[in-house]
Amino acid sequence: MILRAIGFVPNGRSDLVGTIVVCSDQGTSLGVERTGNYSRDAYDELARIARRKGLDMEVLDAKFWDLMAQLRAGADQAIAAGAPQREHTRPVVQVADRPLRDIEDESWALIGAANTLDPRYFLFGDALTDIDSAVDPIRPRLLSLPSLRHHLDRLGDYLVRRGDDDRPVAPPKDVVEMMLSVVPGTLPHLVGVVATPYVAPDGDIVSAPGYCAATGLYQATSDLSMPPVPAAPTAGDMAEARRLLLDELLGDFPFAGQSDRAHALAALLNPIVRPLVSGPTPLMMIEAPIEGSGKGLLAALVAIIATGGPPAVLAEGSNGEEWRKRLTSALVASPVVILLDNIKAKLDSGALSSALTAVTWCDRPMGLSRLVSVPVRCTWMATANNPSYSGEIARRVVRIRLDSGAERPWERTGWRHELPQWALEERPRLLWGLLTLARHWVAAGRPPGREIMGSYETWAAVIGGILGAAGVPGLLGNRVEVYAQAENDLEAWRELVELWWRTYSARPVGIAQLFDLAASRKLLTDLRGDRSDRGARTALGAELARVRGRVIGQWRILDAGVDAHTHVARYALQRLEPPHSPDLPVCGTPGETSCEPPDPPVCEMPSGAVSDQVSGLARSRTQSCAESGETFKGLAQGLAQGLADSAQSYQDPDCETLRDLRPDLMRGENEDHTHPDAGHRGAGDRCLKRPGSRCSLPGVFGVCHFDDADCGFRQEDIYGDPDS
């Protein structure tokens, strides 16, 4: 390694100014060159470039300081001999008595000049960003007012003329604020920072370190000696790639099924083929029935292969605001992998749901006084033991379940390799295997996968296509089980809605009444948590606002407006007609074998005349009363519309007939039977209809007497022949 010094002179402030070019022993440039002021921080700037190029830093360090000693000795001798000194070697920006716009333009010119050889300053989303090489892995860093002033002060000399002298000053604060508020689109656009070769949208593999304008990715790779990836992998290449990944790397993990194994391979592929996916990517949930099953190890392997190090771990938030802040802090650093580690509580976060389907994340990061928008291109992962999540999170989840069947899975032995150390050592070969699978798919014409996942259509098409071409089945094959885990969230709502309808029917009610109703049956207990009653009511109100318009069972939750007196939001239920298809078979139809008839006794329908006001049909009974199905169908023209609700209420599990029930109704002994059309239960309950309105039961019609205390039938109110 040779370091060449070009044009070095003292600048009058004990600093040397010039250019250093790093060459091989044969004199060929190694792509490391820096021009500027070589003060005490000069080596850090030069080393940042050299480290990305994969140079030997020990050799560079020794040769650099040896060169500096020689240059300083020569400069001292020249000064002693009376050699002229260059007063300013950096570009000069005059500050006094000039328009701010001119100072701003010259400041942007400093950043543009610094980007000429090796781009360092970028437009990341809509924020001015530089590359922070002091951390591992390298990541973008949003520039704030202090940090941008720091960079500008080192890129140029800001001066103020005082008489015949130029006095140095800091870059003007007003100018720096203007630069941060409006970043020109001429800066290179940064999508993210990666640490591995990747497949570009055109199908080529990008392995050169540094910035790629075609993809917007900055690749920070060093010391990665990877075998060449064939443009058209052969059957032997594919067999070796599958062996490395599915057998050597993943072969000892106790996957619950082939879908779980396919999803583990999809998680490994995701960072490599992320540029091919134009939309968001789902949350890869690694779960198990017990701790020690290998969840964290599998997540670590994904990160090691993608970055060479551990994942960016994000702890779960306790509330929406905390989730938002943590997600923002993570996403502005553009991590390759984000791991939600060891989830304990039910996974239900609006901020997380938004981030999982977002292409761009907009928020105000800590330390900045404005909103910024940054790209979201990470691989999302999470670990948990038997997790539970809301419905909106469930549709964003791809499950990877591990189940060893052992009481103490952490005591398992017999692993093929010492993980994760083996994966770190074999990282180049494992990357070759992943790139080979992707290149095989590209060479085959990019056939899209057949699997469909809402909001993640592009991801499913790309990953499904790669796995399908590689002969790895099972992608999205366990979605039903994932949704079933989220169904627990709906069970409490179904029970609450049924209780709500039985208690209040369609009448608008406030949050306080619904809260008391839920508390009486200990429903939706997760809303309470450690909150007070008031806090729990507020949480229920927020949840009702979220689910308004949603259909749960036979009911739709409606927004009933705000109470005029209490100014409190109210909600109501709308009962929906059961879905009906004329092509649906009736149980018991000759030749029909798709449903079994119920056990005796067989339902009997009362004979005789029925009031002309009666119409409709109890369709639900046609499915459960097999042998009398045609009888129900034949009565379709003669039963009341209200019979659809009433008949089902009055048919008990033993299929008791309406005729048997009617004498009880005549005597007013109807407390145990619901009056759906009247909206109350028997005499003594509050009537939900207005005075004088008709309450109808099958074959029984009367005037509803209302006095704020009870609502019941009287014998003289009966219309028609009781025996009919």
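Residues numbered from 1 in each chain as written. Predicted model: local features only at pLDDT ≥ 70, side-chain atom pairs only at ≥ 80, totals over all residues. Heavy atoms only, no water.

**Section: the overall build of the protein**
Within the protein, the secondary structure is distributed over 22 helices and 28 strands. For the protein, the proportion of its 724 residues judged to be buried stands at 47%. Considering only intrachain contacts with a sequence separation of at least 6, the fraction spanning at least 24 residues in the protein is 65%. As displayed, the protein has an accessible area near 34,900 Å², and 50% of this comes from carbon and sulfur atoms. (Helix = DSSP H or I, 4+ residues; strand = E, 2+ residues; numbered from the N terminus. Buried < 20%, exposed > 50% of the residue type's maximum accessible area, 1.4 Å probe, protein only. Contact = heavy atoms within 4.5 Å. Areas by Shrake-Rupley, 256 points an atom, 1.4 Å probe, with all protein chains shown as cover.)

**Things to note about the pattern of salt bridges**
Enumeration according to the criterion identifies 18 salt bridges in this entry. Between Arg-243 and Glu-240 there is a salt bridge whose closest N-O contact spans 2.8 Å. One end of the pair, Arg-243, and the other, Glu-240, are both in helix H6 (residues 235-249), 3 residues apart, so they sit about a helical turn from each other. Exposure remark for Arg-243: the relative accessible area of 31% places this residue in the partly exposed category. Exposure remark for Glu-240: the relative accessible area of 26% places this residue in the partly exposed category. In this structure, Glu-322 engages Arg-326 in a salt bridge whose closest nitrogen and oxygen atoms are separated by 2.4 Å. Of this pair, Glu-322 and Arg-326 both sit in helix H9 (residues 320-331), 4 residues apart, roughly one helical turn. Residue Glu-322 is classed as partly exposed on the basis of its relative accessible area of 23%. Look at the salt bridges and you will find they share partners, linking Glu-240, Arg-243, Glu-248, Glu-426 and Arg-429 into a network. (Salt bridge = Lys/Arg side-chain N within 4 Å of Asp/Glu carboxyl O.)

**Observations concerning unusual backbone geometry**
Cis geometry marks the peptide bond from Leu-419 to Pro-420; its omega dihedral reads 5 degrees. With respect to the element layout, Pro-420 can be found in the loop between strand E22 (397-401) and helix H12 (421-425). Even without being a glycine, Ser-505 presents a positive backbone phi close to 55 degrees. Residue position: Ser-505 is located in the loop between helix H15 (479-504) and strand E23 (509-510).

**With respect to the sheet that holds strand E15 (residues 217-219)**
With mixed pairing, the 3 strands of this open sheet are ordered in space as E11-E15-E14. On the outer flanks of this sheet lie strand E11 (192-194) and strand E14 (210-212), each paired with one strand and no other. Ignoring strand direction, the axes of neighbouring strands in this sheet form an average angle of 30 degrees. With 3 bridges connecting them, E11 and E15 associate as parallel partners. Pairing of Gly-192 across the sheet is with Leu-217, part of E15. (Pairing = 2+ DSSP bridges. Axes fitted to C-alpha atoms, helices over the stretch in contact; angles between N-to-C directions.)

**Looking at the packing of aromatic side chains**
Under the defined criterion, the tally for this structure stands at 6 aromatic pairs. Geometrically, the ring pair formed by Phe-64 and Trp-65 is edge-to-face, given 4.8 Å between the ring centres and 80 degrees between the ring planes. Given a relative accessible area of 1%, Phe-64 falls into the buried group. Residue class for Trp-65 comes out partly exposed when judged on its relative accessible area of 42%. On the numbers, 6.0 Å between centres and 75 degrees between planes, the contact of Phe-122 with Tyr-218 is edge-to-face. Here the residue Phe-122 occupies a position in strand E5 (residues 121-124), and Tyr-218 occupies one in strand E15, the gap between them amounting to 96 residues. Here Phe-122 and Tyr-218 have matching classes, each one buried. Through a chain of ring-to-ring contacts, the aromatic side chains of Phe-122, Tyr-211 and Tyr-218 assemble into a single cluster. (Phe/Tyr/Trp six-rings, centres within 6.5 Å; stacked < 30°, edge-to-face > 60°.)

**Re the pairing of strand E20 (residues 372-375)**
Of the two faces of E20, both are covered, the one formed by Val-372 and Val-374 as well as the one formed by Ser-373 and Pro-375. Sheet topology note: the strand E19 (residues 360-363)/E20 ladder contains 4 bridges and is antiparallel. Looking at the pairing, Asp-363 lines up with Val-372 of E20.

**With respect to the environment of Tyr-456**
Positionally, Tyr-456 belongs in the loop between helix H13 (427-443) and helix H14 (457-470). A residue is classified by how much of its surface remains accessible, and Tyr-456, at 1% relative accessible area, is buried. Remark: the alpha-carbon pair of Tyr-456 and Ser-278, spanning 178 residues in sequence, is separated by 9.6 Å. Once you skip the residues sitting within four places of it in the chain, Tyr-456 turns out to touch Pro-280, Thr-281, Pro-282, Leu-356, Thr-357, Arg-395 and Arg-396.

**Regarding H13**
In a regular helix each residue adds 1.5 Å, so 17 residues correspond to 24 Å; H13 covers 24 Å between its end C-alpha atoms and thus fits that length. For H13, the buried fraction is high: 14 of the 17 residues fall into the buried class. Gly-445 sits one or two positions beyond H13 and adopts a positive phi of about 95 degrees. (Expected span 1.5 Å × (residues − 1).)

**Considering the sheet that holds strand E4 (residues 92-94)**
Consider a sheet: its strands pair through backbone hydrogen bonds, and that pairing is either parallel or antiparallel. In spatial order, the strands read E4-E8-E9; together these 3 strands make up an open sheet with mixed pairing. Edge positions in the sheet fall to E4 and strand E9 (165-168), since each of these pairs with one other strand and no more. The sheet shows a mean angle of 45 degrees between the axes of neighbouring strands, taken without regard to direction. In this structure, E4 lies alongside strand E8 (residues 157-162), joined through 3 bridges in parallel fashion. For Val-92, the partnering residue across the bridge sits in E8 and is Asp-157. With respect to the sheet, helix H3 (residues 100-114) is in contact with E4 and E8, its orientation differing from that of E4 by roughly 165 degrees.

**A short note on the confidence of the model for the protein**
Any segment with low pLDDT has predicted coordinates that should not be analysed in fine detail. The share of residues in the protein with pLDDT of 70 or more is 74%, and the mean pLDDT across the chain is 77. When the criterion is pLDDT under 50, residues 581-724 qualifies, and its contacts beyond four places in sequence or with other chains add up to 188 contacts. (pLDDT = per-residue confidence, 0-100.)

**Observations regarding the pairing of strand E25 (residues 555-562)**
Of the strand pairs in this sheet, strand E24 (residues 551-552) and E25 are connected by 2 bridges, and their pairing is antiparallel. Each residue of the ladder has a partner; that of Val-551, found in E25, is Arg-556. Strand direction decides the pairing type here: E25 and strand E26 (residues 569-575), joined by 6 bridges, are antiparallel. Bridge assignment links Trp-555 to a residue of E26, and that residue is Arg-575. The antiparallel hairpin formed by E25 and E26 contains 6 residues in its connecting segment, where His-567 sits at a positive phi of about 60 degrees.

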